[in-house]
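What follows is each chain in one-letter form.
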Amino acid sequence: MNKIKRELLNVLLFPVRYYERLEDKKITLYAGILLVGVIDLLLPDVAEVFKKLFTDRPSDDIFFNAVILALAVVLVGIIDVLFVGLPLYDFFNYLKKKETGYIHLDSDKGDNMIQIISNAGNTQHKATAVKVMKVYIMSHFLIIPVNTAMHFACFRNLSEGSPEWVQNLVLAYSMIISIWSAAIMSRGINTLFRFNPIFKRLTFIVVYIWNFLFGMVFDFQILKWVSQLFR
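What counts and how
- Residues numbered from 1 in each chain as written.
- Predicted model: local features only at pLDDT ≥ 70, side-chain atom pairs only at ≥ 80, totals over all residues.
- Heavy atoms only, no water.
- Phe/Tyr/Trp six-rings, centres within 6.5 Å; stacked < 30°, edge-to-face > 60°.
- Helix = DSSP H or I, 4+ residues; strand = E, 2+ residues; numbered from the N terminus.
- Lys NZ or Arg CZ within 6 Å of the ring centre and 35° of its normal.
- Core = buried A, V, L, I, M, F, W, Y, C linked by side-chain atoms within 4.5 Å.
- Buried < 20%, exposed > 50% of the residue type's maximum accessible area, 1.4 Å probe, protein only.
- Contact = heavy atoms within 4.5 Å.

Student: Can you walk me through the packing of aromatic side chains in this structure?
Tutor: By convention here, two paired aromatic rings are described through the distance between centres and the angle between planes. Evaluation of the coordinates by the stated rule reveals 14 aromatic pairs. Pairing Phe83 with Phe214 gives two aromatic rings, centres 6.1 Å apart and planes at 20°, and the pair type is stacked. Within this pair, whereas Phe83 is found in helix H5 (residues 59-98), its partner Phe214 is found in helix H8 (residues 197-227), the two being separated by 131 residues in sequence. One aromatic cluster is present, built from ring pairs that chain together Tyr89, Phe91, Phe92, Phe193, Phe195 and Phe199. Here Arg231 stacks its cationic end above the ring of Phe64, 4.1 Å away from the centre of that ring.

As structure tokens, then:
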């Protein structure tokens, strides 16, 4: 049963060894930032976006929109990756420094002794800001194909006039995707920082809350502002 659970987690959240192999190479980070920018602006329906920007428009508008789109991909990708990855790295790096010991209830002993266990031997970790940002980028590799497939299969014709049960289904699906994304990032962050079990439980909560708060600002403010740049 444990083997099945482990294999399922490896499929849904990436194997731990993937996160351990992350490097600080900037070229792959830059490529990932561009990929996230493309995802944010063009997916799930690339054809629909290009239709709005380039179909039945004067040549000047087409050229203008093409330039703005290229710049927006870079800008949006940078904002998305940096504003998610850097704050999370700073927070968990601070938390790691405070992880000098923890109180452990020694349940193996009948006297319920409380031991203060030094964590000095576990202060070394592999986490860097670049690697945490790459963990965020990696989460897209699992989430985006599912999102794209669900868009064309179920949600493509969704509108304000859709039945209430359909809108509730979309809401439930969005929540599941948010939890899934946070779980992927939590596994990566826990692997990189090598947190003790107590701190591992906190990681998911922090990641989920930050993703939710930033996602609200990003979707309803930043992307809305960028969309107004096009003609």
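And the narrative resumes.
Student: Would you mind showing me how to read the nonpolar core here?
Tutor: Within soluble globular proteins, side chains that are nonpolar generally end up buried alongside one another. Among the nonpolar cores identified, the biggest contains 54 residues, and Leu41, Leu69, Val81, Leu88, Phe92, Ile184 and Phe193 are the most heavily contacted of them. Only helix H3 (26-42), helix H4 (46-54), H5, helix H6 (129-155), helix H7 (164-193) and H8 provide two or more residues apiece to this core. When residues in this core are grouped by element, the largest group, 12 residues, is from H5. In this structure Leu69 touches Leu41, Leu42, Phe50, Leu53, Phe54 and Phe230, once residues within four positions along its chain are discounted.

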